[in-house]
Amino acid sequence: MSVLADSGPRPAREGVGGRLSDLLWRRPGVLLALLLVPPLLWLGVVYLGSLFALLLQSFFSIDEFSGVIDRTPTLKTYGELLRPANLDIIWRTVLMAAAVTVASVAVAFPIAYYAARHARGRWKALFYLGVMLPLWSSYLVKVYAWKLILAKEGIVGWGFDSLGLGRVLEAFLAVPGIGGNSLSVSPTGTFIVFVYVWLPFMILPIQAALERVPDSLVEASGDLGATPGQTFRHVIWPLALPGVVAGSIFTFSLTLGDYIIPQIIGTSARFIGLAVYQYQGTAGNVPLAAAFAVVPIVIMGSYLAVAKRLGAFDAL
Amino acid sequence: MTAAVSFRGVSRHFGTVKAVDGVDLDIAEGEFFAMLGPSGSGKTTCLRLIAGFETPTAGRIELFGEDVSGRPPYRRAVNTVFQDYALFPHLNVLDNVAYGLMIAGVPKAERRRRAEEALSMMALPGYGGRKPSELSGGQRQRVALARALVNRPRVLLLDEPLGALDLKLREQMQDELKTLQRKVGITFVFVTHDQGEALSMADRVAVFNEGRIQQVGSPEEVYARPRTRFVADFVGGSNVLHPGVAALFGGRPAWASLRPEALRLGPPEGARITGVVTAARYLGAATRLVVDLGAGAPPDGRSDVAVLVPGGHPVPAPGTRVGLAWDAEALHPMATE
Amino acid sequence: MTAAVSFRGVSRHFGTVKAVDGVDLDIAEGEFFAMLGPSGSGKTTCLRLIAGFETPTAGRIELFGEDVSGRPPYRRAVNTVFQDYALFPHLNVLDNVAYGLMIAGVPKAERRRRAEEALSMMALPGYGGRKPSELSGGQRQRVALARALVNRPRVLLLDEPLGALDLKLREQMQDELKTLQRKVGITFVFVTHDQGEALSMADRVAVFNEGRIQQVGSPEEVYARPRTRFVADFVGGSNVLHPGVAALFGGRPAWASLRPEALRLGPPEGARITGVVTAARYLGAATRLVVDLGAGAPPDGRSDVAVLVPGGHPVPAPGTRVGLAWDAEALHPMATE
Amino acid sequence: MRPDRAPWWLKAMAGGGLLFLHLPILLIFVYAFSSEAKTFVWPPPGFTLQWFGRAWARPDIWEALSLSLRVALIATLVALVLGTLCAAAVARTRFFGREAVSLLVVLPIALPGIITGISLRSAFSLADIPFSFWTIVLGHATFCIVVVYNNAVARFRRVSGNLIEASMDLGATYGQTLRHVILPNIATALLAGGMLAFALSFDEVIVTTFTAGQQATLPIWMLEELVRPRERPVTNVVAMVVVLVTLLPILGAYYLTRGTETVAGSGK
Amino acid sequence: QMTEVGDGEGAVSIVAWPGYIERGETDPAYDWVTGFEQATGCMVDVKTANTSDEMVALMNEGGFDLVTASGDASLRLVAGQRVQAIDTDLIPSWSKVDDRLKDAPWHTVDGVHYGVPYQWGPNVLMYRTDVFPEAPTSWNVVFEEQTLSDGQSNKGRVQAYDGPIYIADAAQYLMAHKPELGITSPYELNEDQYKAALDLLRAQRELVGRYWHDAMIQVDDVQNEGVVASSSWPFQVNLLKADGAPVASTIPEEGATGWADTLMMAADAEHPNCAYRFMEHSLSSNLQSDLSVWFGSVPAVPAACSDGSGQQTQEGCDANGFQDFDRIRFWTTPTADCSQGEGACVPYYRWVSDYIGVIGGR
Ligand SMILES: Nc1ncnc2c1ncn2[C@@H]1O[C@H](COP(=O)(O)OP(=O)(O)OP(=O)(O)O)[C@@H](O)[C@H]1O
Ligand SMILES: Nc1ncnc2c1ncn2[C@@H]1O[C@H](COP(=O)(O)OP(=O)(O)OP(=O)(O)O)[C@@H](O)[C@H]1O
Ligand SMILES: NCCCCNCCCN
Ligand SMILES: [Mg+2]
Ligand SMILES: [Mg+2]
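As annotated in an unreviewed UniProt entry, chain D carries the name Spermidine Putrescine ABC transporter permease component potC and is attributed to Rubellimicrobium mesophilum DSM 19309. Quoted verbatim from the Subcellular location (unreviewed entry) field of UniProt, the annotation for chain D is "Cell membrane".

Looking at an unreviewed UniProt entry, chain A carries the name Spermidine Putrescine ABC transporter permease component PotB, with the source organism given as Rubellimicrobium mesophilum DSM 19309. Its UniProt record, at the heading Subcellular location (unreviewed entry), says of chain A: "Cell membrane". Within the UniProt record for chain A, the comment given under Sequence similarities (unreviewed entry) is "Belongs to the binding-protein-dependent transport system permease family. CysTW subfamily."

Written out as structure tokens, the structure reads:
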């Protein structure tokens, strides 16, 4: 066989490339360093450094009259954070984030379930893009659309009125705590928009988790005598849980930090994001804003730790 | 006695694909029944029809004499061991095994006891606390078995349960399964595409091809007296002789099978048939030679036969001309197709 | 003649895991050499040490007499066929095969010619334009071979190249590989955990266990004269007899191996050893019986032996008492361990 | 066999959910053609195309658009480089702290954007860095790294280590392997990741608010207009165009990675 | 401090209330920037701020040359050394400034001027004329629940300003309705007075659907959210009227809080020459006149009402409150030391967090 007849020696690979390559082969650590140093400089130094700088600022205080920041370390700002009005904000935000998360799961699950376990071929693609497109389309546009929908003179009102159900809406809006003059100035309105805007973040991880559940597990459950309902409770839900947790990282985190939605739709009551934004931007009280910012960091930090243990991390 | 499983003209078509096509079949109670066939021949679909994961497009399936049309899987006294075991990854071994009992509402203490009993029977005592991911393939297989058997099904379905195991473990599990079936005495329906597995384990074997059953019979029948070329070819090992070659060997001019171990080597002088050794494959216990019969063979048939030389006998080197001897009754003529 | 590959006290430890542990080995030029062993025994690591993907933590590796320490893979006259073939998915078959030539700076026209020649040799002419994803497993395997061989390596390393293929294709590729190696005449180092494959293909076999070599020898040596119980067990089939049992069979009181096909059944009357058949496994060409020797066996050894009954001979039913006969020289005493 | 077995109520909930996701966006499209400029009267009293012309003639829109495009482009390039390097390190090697690195990459999106924004802002102010085009880019690149990283890591896992070893086995140095094997194999994943990063940057408002000085990206412009409208239907027109423009890279990324085990865009 | 105004630096950046710096984009008839830019080559860059706090924050952050600070921000800026003293001699039109404003305490500290007066005006009560056929005479329409002429309650249909300074509006209301509290200035409240004001605001929270933070959003809310009455600026009233909305404004009998704004120059202004030029421009051009029409405010230069430099007329000035200077309680920053004694009053920082609490329902 002519091609294989003689075994020639390899051509020597000289030059800078060859020598660099030899070095990397002999010292894999150098290769790793080359790969890691730039991103670590960026994320580890710039980003983490900034987070640290923020943390530092929360130990500064502000001169209440002139608004000038006093850079001597103090816990005064944290004392301020614990004032009832601010605790209200934290509590209100966490409650909203939790409610939004629960509602997102409820709305997302059927969509994710159908897309993962029933849709095939074209329908699957349709569902996938059907979730992706709203996920990626402009956040502001979506919020804005809801302003139009929820306004007193907007579509929801129009819809209820033209169906002759105006009274129902009014009765709902009269409920204290969740109602208001119109949906757009009620906590319910804020809640609906949050759910809407973060919904795709919940659908996709649940769908991914459900897709990893082999059909055979569902069949095995039926084979062992479980009705479809029992199969859902004992097999599908537990296996979808990591996806749910991954999704809730987003819904929770995004709700904790958002300041645009409560500003445009809601009762003017502050949420953490809005408080951070206003203390920092409007009031120039950077130390208090920083202290407020520590709240979501702590909440999300613990959340991530739990999520990691539940194996939800790969689903991010 | 009513059959445990009986198919009457059962078909399952998927669009134009005839996965199962007019199958008639009776599996007796207590039988170890194997379904053997190449990939895509409809074995799994048959099993899924019995379990209730599929509904026939035509025909009728009975379990113990009762028509089970329209009965969902969770209302059939049948359990399945899945090819990938389908163990619930979020439950530990004990909860996996107890799953069916939990669903059936058996009280916690009792189902624990029974699940542990099933695990001991499978030689897995003390493994209850592990997660399936912490088990080896063979252990998983045994958990899947325990999970199915603890429900005391009347029929156990097994879809290539040994396919994922490596050779050693596979042989060991074959023995265990066989022993187990004797012990529990219920009907096992076993799907495989490995003819060795089917032959060594089953009481009866059904050979599938393209959604139809080609032959049903004992392993010896299927191996030694294949009804069709397909069966002879697939069950394997055998030389399938072209009618012309069969005639050379003294048979009727029809397709025939002749087992390699039935051929004996001798000196070429005076032999009825001679040939040249073209390849040798050392198998340890024996060596399998390929002997080319040369000019004597008809143009459209294979002109070589395999000969098995038992270990300890001398093995001629490739290129050697040898003579062949055999007993007339070893030649088995079969239905043409 | 200098060895193609030679290991002198080579170890590769990963933390506390001794993947390869003090291995000495010489592989001659032109040899078809198999590395056989259970999962995790260090076969792949050995291969990767030869190729240069790993560096030894101790010892010295030579290729054709030259120390290759510190020489990266791209400076070794060695090529590898990976278990999953590792074909470049973005290149078509021709460019895959020509890759090494392109890297070596061979002009376009020539590398095209040589790649096509290599493809023809692998019975894949005209497949050059396809993407690897458009090929079957066997075809991919041949492309991977062509891609390695076109570089005229002096040693070809193959890591379980047939592991991913199904049984039929696997046997066919075994024959092809064997033929190919004869044709090109270069050294093949072949990793497998399938003892049948090692026995039927290799000139010499090294049996690995826990990072060490247990025995190196021809397939016949390894099969018929295992040096250790591990080898006897792993290479398989053989009865490994406890020293007490070996004595019963007339040997020295040392661990011994006795091949099942060397045992012959007879009537229990007058037999030197009798036993009861406890299990039978129909293999088609033969039936493998398990015979329990009963009381005669020592308490700490297995008291049963396997006996292979060739096809055509009568097979006693389980429960039957049988006598055993054998030739004295079939009993092979071995190193204790 | 499954699709026909979904119960009607599941189909209804899934379909209803999809509609719920899309109707509000379509609504904006309708309003872009509304002849009523001041209020949100529904249904719109008339239809007109005039707002497209008005939008076209507004220089502030063009400025914002151009800034957004430039920021997204540079941020994407930075994210491509850093995300790929990080993915290569995490996917191809095992090292102490590997987990920490993957956590670090995820952090900028797992923490609320306002945290990223405000901490960068305070870092800028501590370091006396004036706001500029580059401060916006810096903020965007930080949270864009993760989408590139996610795509690249998934692909690196698929491009088995074997391919790299095979290349070196066939005589290629690291450099040659990078050029002939690694880059061609991760190219589509990088392209997809880059498109997603682009879309993410193009849409970002919260981080931008904190890292931009006086310059307005398109989302900032929109926020301003939503709150303080000059010609509301012009905002609707821009909103519609922005949605359509962002969708292109998303569709692109989807088609580039379709059929692989991790389809791009599933994590924003 | 500068001694003469040199060549412009080509740019000037200004923090301003919305509607204060117009270049004809919203309405081509209102443009007092383009001409300035052409004449001086100083390109004007505007950052709007919705509250005084926001203004202070922006100035603290730096990067701006000028700010249109209200009285509740100006002294904070001076105290924080964010703005610099100006030399009125370098501003030829200084002489034209309203005498009532020339030495006003919100920009004059120890006789030193920190800026030139810009505009002033009242925080009016805006109402929908279809719901109030007669102008309301009291702020009680936004403070106390009542049935309006259309038979429905005012609940959910009124707004209040989303800035802590609004506490002064409540205090002013109490001045008239709870004289026993003894409030003398709505910006100087002792603990009891302060608490009464907060209680009033808490009751108001029940009536207010959403607080108004941004002038434009308030315009929107009147058009789309059914708001019928609110404290407001003449600016919104004018915009709504221009759109044909049935609204009008009034100063109820309790009086009105108001603002008097000063154009102040940042301590570290990058473009001081352009800044001086703009200060001069603000007093000498059509700005005072047109702005007072546009925003509904009163010029700092009385002549602008009648000299034809812009579109304002004396009647217009009078309608905007030219004669009401003494009735308006201008925004000033509440401090602890007040006319009731040192440390007797509740300082501003408590106004800030308590008002957030009130809005949050506490
Ligand atoms: N749900 C389905 N939809 C469409 N075709 C199907 C479906 N299930 C099975 N088939 C087709 O029916 C035929 C028989 O499939 P089946 O799984 O029963 O074969 P099998 O004998 O079990 O093969 P294997 O050994 O590969 O498991 C195949 O051609 C398969 O493609
Ligand atoms: N990079 C590595 N890091 C740590 N341990 C390793 C590494 N590579 C191999 N090992 C360990 O070394 C031992 C030998 O591995 P090796 O892959 O050589 O076995 P093998 O004989 O090829 O097995 P198999 O048949 O499963 O492929 C195993 O225990 C394995 O876990
Ligand atoms: N996938 C992580 C979430 C990224 C947040 N982007 C949302 C945009 C809102 N400004
Ligand atoms: Mg199957
Ligand atoms: Mg290996």
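That shown, we press on.
K.L.:
Talk me through empty space enclosed by the protein; I want residue IDs and the actual numbers.
P.N.:
The probe, sized like a water molecule, is rolled over the atoms to show the empty space still left. On inspection of all chains with the given rule, the structure shows 14 cavities of 30 Å³ or more. What the largest cavity holds in volume is close to 410 Å³. When contributions to the lining of the largest cavity are tallied by element, the ones reaching two or more residues are α6 (139-150), α9 (187-211) and α11 (228-257) of chain A together with α4 (98-110), α8 (174-203) and α9 (206-211) of chain D. Looking at the lining of the largest cavity residue by residue, the classes come out as 16 nonpolar, two polar and five charged.

K.L.:
Give a detailed account of the UniProt feature "transmembrane region" (unreviewed entry) in chain D, specifying residues and quantitative values.
P.N.:
Residue and element names in this part refer to chain D. When the UniProt feature table is mapped onto this chain numbering, "transmembrane region" (unreviewed entry) sits at residues 12-33, 71-91, 103-123, 129-149, 181-199 and 235-256. The span residues 12-33 is 91% helical and 0% strand by assignment, and the distance between its end C-alpha atoms comes to 31 Å. Between the end C-alpha atoms of residues 181-199 the distance is 28 Å, and the span holds 100% helix and 0% strand.

K.L.:
Can you tell me about the site of ligand 2, naming the residues and giving the values?
P.N.:
Residues and elements named next belong to chain C. In the neighbourhood of ligand 2, the contacting residues comprise Phe14, Val17, Ala19, Pro38, Ser39, Gly40, Ser41, Gly42, Lys43, Thr44, Thr45 and Glu160. Interatomic distance of 2.5 Å between a side-chain N/O atom of serine 39 and an oxygen atom of ligand 2. Between glycine 40 and ligand 2, the recorded distance is 2.7 Å, taken from a backbone N or O atom to an oxygen atom. If ligand 2 stood free it would expose 630 Å²; the protein chains cover 60% of that surface. Of all the secondary structure elements, the ones that give two or more residues to the shell around ligand 2 are β2 (17-27) and α1 (43-51).

K.L.:
Go over the pattern of salt bridges, please, and point to the residues and values.
P.N.:
Enumeration according to the criterion identifies 54 salt bridges over all chains in this entry. Ionic pairing is found between C:Arg48 and C:Glu54, a salt bridge with its closest N-O pair at 3.3 Å. C:Glu54 gets classed as buried once you look at its relative accessible area, which sits at 13%. Its salt-bridge partner being E:Asp53, residue E:Arg76 comes within 2.9 Å of it at the nearest N-O pair. Pair noted here: E:Arg76 is in helix α3 (residues 71-79) and E:Asp53 is in helix α2 (residues 52-61), with a separation of 23 residues, a long-range link. Comparing E:Arg76 with E:Asp53 shows no difference in burial state: the two are buried. Residues joined by salt bridges that share partners form a network here, namely A:Glu219, B:Arg12, B:Arg48 and B:Glu54.

K.L.:
I'd like a rundown of the state of the cysteines, residues and numbers included.
P.N.:
Residue and element names in this part refer to chain E. Across all of its chains, the model carries three disulfides over all chains by this definition. Each sulfur in the disulfide pair cysteine 42 and cysteine 274 lies 1.8 Å from the other. Its S-S torsion of about -80° marks the bond between cysteine 42 and cysteine 274 as left-handed, since a negative value means left-handed. Placement of cysteine 42 in the loop between α1 (34-40) and β2 (43-48) and of cysteine 274 in helix α10 (residues 272-284) is noted, with a sequence separation of 232 residues between them. Across the pair, cysteine 274 and cysteine 42 agree in class, each one buried. At a sulfur-sulfur separation of 1.9 Å, the disulfide partner of cysteine 338 is cysteine 345.

K.L.:
Which residues make up helix α4 (residues 137-149) of chain C, and what are the values?
P.N.:
Taking 1.5 Å of rise per residue, the 13 residues of α4(C) would be expected to cover 18 Å, and the 18 Å separating its terminal C-alpha atoms lies within 8% of that figure. Among the 13 residues in α4(C), 11 count as buried, and that is most of the element. C:Gly138, C:Gln139, C:Gln141, C:Arg142, C:Val143, C:Ala144, C:Leu145, C:Ala146, C:Arg147, C:Ala148 and C:Leu149 are the residues of α4(C) that are buried. Check the buried side of α4(C) and you find it contacts β6 (78-81), α2 (93-103), α3 (108-121), β7 (155-159) and α5 (167-184) of chain C together with α7 (161-169) of chain D.

K.L.:
Explain the packing of aromatic side chains to me, and be specific about the residues and the numbers.
P.N.:
Evaluation of the coordinates by the stated rule reveals 62 aromatic pairs over all chains. With centroids separated by 4.8 Å and ring planes inclined at 10°, the aromatic side chains of E:Phe235 and E:Phe295 adopt a geometry described as stacked. Of this pair, E:Phe235 sits in helix α9 (residues 234-242) while E:Phe295 sits in helix α11 (residues 287-295); the two residues are 60 residues apart in sequence, bridging distant segments of the chain. With respect to burial, E:Phe235 and E:Phe295 carry one shared label: buried. Ring pairing ties together the aromatic residues E:Trp17, E:Tyr20, E:Tyr30, E:Tyr118, E:Tyr161, E:Trp212, E:Trp233, E:Phe235, E:Trp259, E:Trp294, E:Phe295 and E:Trp331, which thus form one cluster. Stacked on the ring of B:Phe64, the Lys or Arg B:Arg154 has its end atom at 3.7 Å from the ring centre. One cation-aromatic arrangement involves C:Arg147 over C:Phe88; the distance from NZ or CZ to the ring centre is 4.8 Å.

K.L.:
An account of the nonpolar core is needed here, citing residue identities and associated values.
P.N.:
Burial of nonpolar side chains together is a common tendency in soluble globular proteins. Ranked by internal contacts, the top residues of the largest apolar core, which has 187 residues, are A:Trp136, A:Tyr139, A:Leu210, A:Ile260 and A:Phe292. Leaving out residues up to four positions away in the same chain, A:Ile260 has contacts with A:Tyr139, A:Leu140, D:Val205, D:Ile206 and D:Leu223. If you look at the next biggest cluster of nonpolar residues, it comprises 125 residues, including E:Val67, E:Val78, E:Tyr127 and E:Leu291.

K.L.:
Could you give an account of α11(E), with specific residues and numbers?
P.N.:
Residue and element names in this part refer to chain E. Extensive coverage of α11 is indicated by the burial of eight of its nine residues. Residues of α11 that are buried: Leu287, Gln288, Ser289, Asp290, Leu291, Ser292, Trp294 and Phe295. Packing partners of the buried residues in α11 comprise β6 (116-122), α9, β11 (256-265), α10 and β12 (298-299).

K.L.:
Talk me through the sheet that holds strand β2 (residues 17-27) of chain B; I want residue IDs and the actual numbers.
P.N.:
Residues and elements named next belong to chain B. Taken together, the four strands give an open sheet; going across it, the order is β2-β1-β4-β5, and neighbouring strands pair in antiparallel fashion. Bordering the open sheet on either side are β2 and β5 (66-67), each of which pairs with just one other strand. As paired strands, strand β4 (residues 58-63) and β5 are joined by two bridges and run antiparallel to one another. When the bridges of β5 are listed, leucine 63 appears paired with glutamate 66.

K.L.:
Kindly report on the UniProt feature "transmembrane region" (unreviewed entry) in chain A, identifying the contributing residues and their values.
P.N.:
Residue and element names in this part refer to chain A. According to UniProt, the feature "transmembrane region" (unreviewed entry) maps to residues 29-56, 89-114, 126-146, 158-179, 191-210, 235-252 and 286-306 in the numbering used here. Here residues 235-252 runs as 100% helix and 0% strand, with 25 Å between its end C-alpha atoms. Secondary structure content for residues 286-306 is 100% helix and 0% strand, while the C-alpha to C-alpha distance between its ends is 30 Å.

K.L.:
Give a description of a nonpolar patch on the surface that names residues and reports values.
P.N.:
A cluster of nonpolar residues, A:Leu20, A:Leu23, A:Val30 and A:Leu34, forms a patch on the protein surface that exposes about 320 Å² of accessible area. Looking at the nonpolar patch, the elements that each hand over two or more residues are α1 (15-26) and α2 (28-57) of chain A.

K.L.:
Tell me about the sheet that holds strand β8 (residues 187-192) of chain B, residues and numbers included.
P.N.:
Residues and elements named next belong to chain B. Sheet architecture is open: six strands sit in the order β6-β7-β8-β3-β9-β10, paired in mixed fashion. Whereas interior strands pair on both sides, the edge strands pair on one side only; in this sheet they are β6 (78-81) and β10 (212-217). Averaged over all neighbouring strand pairs, the angle between strand axes comes to 20°, with direction disregarded. As paired elements, β6 and strand β7 (residues 155-159) share four bridges and run parallel to each other.

K.L.:
Outline the interface of chain D and chain A, supporting the account with residue identities and numerical values.
P.N.:
Each partner contributes residues to the interface: chain D has 95 residues there, and chain A has 88 residues. Interface area for chain D against chain A, summed over the two sides, is near 8,500 Å², with a carbon-plus-sulfur share of 79%. Taken together, the connections running from chain D to chain A amount to zero salt bridges. Applying the counting rule to chain D against chain A returns nine residue pairs in polar contact (both at pLDDT 80 or more). Considering every element that reaches the side of chain D that touches chain A, the biggest residue donor is helix α1 (residues 8-31) of chain D, with 14 residues. Here the side of chain D that touches chain A is built from residues that sort into 68 nonpolar, 18 polar and nine charged.

K.L.:
So what's going on with the pairing of β4(B)? Which residues, and what values?
P.N.:
Residues and elements named next belong to chain B. Note that strand β1 (residues 5-14) and β4 share five bridges and pair antiparallel. Counterpart to serine 11 in the pairing with β4 is alanine 58. Turn length for the β4-β5 hairpin, with the two strands adjacent in sequence and antiparallel, is two residues, and the turn residue phenylalanine 64 shows positive phi of about 50°.

Rules and cut-offs
- Residues numbered from 1 in each chain as written.
- Chains lettered and ligands numbered in written order.
- Predicted model: local features only at pLDDT ≥ 70, side-chain atom pairs only at ≥ 80, totals over all residues.
- Heavy atoms only, no water.
- UniProt positions renumbered as here; feature names shortened; annotations may be inferred.
- 1 Å grid on protein atoms, 1.4 Å probe; cavity = no way out; pocket = protein on both sides within 12 Å on 5 of 7 lines; lining within 4 Å.
- Points joined across faces, edges and corners; volume = space filled by probe spheres on them.
- Helix = DSSP H or I, 4+ residues; strand = E, 2+ residues; numbered from the N terminus.
- Nonpolar A, V, L, I, M, F, W, Y, C, P; charged D, E, K, R; others polar.
- Near = heavy atom within 4 Å.
- Polar contact = N/O pair within 3.5 Å; in protein donor to acceptor, adjacent residues only side chain to side chain.
- Areas by Shrake-Rupley, 256 points an atom, 1.4 Å probe, with all protein chains shown as cover.
- Salt bridge = Lys/Arg side-chain N within 4 Å of Asp/Glu carboxyl O.
- Buried < 20%, exposed > 50% of the residue type's maximum accessible area, 1.4 Å probe, protein only.
- Disulfide = S-S within 2.5 Å.
- Expected span 1.5 Å × (residues − 1).
- Contact = heavy atoms within 4.5 Å.
- Phe/Tyr/Trp six-rings, centres within 6.5 Å; stacked < 30°, edge-to-face > 60°.
- Lys NZ or Arg CZ within 6 Å of the ring centre and 35° of its normal.
- Core = buried A, V, L, I, M, F, W, Y, C linked by side-chain atoms within 4.5 Å.
- Pairing = 2+ DSSP bridges.
- Patch = residues over 30% accessible without salt bridge, like charges linked within 9 Å, V, L, I, M, F, W, Y side chains within 5 Å.
- Axes fitted to C-alpha atoms, helices over the stretch in contact; angles between N-to-C directions.
- Buried area = accessible area lost by both parts, 1.4 Å probe.

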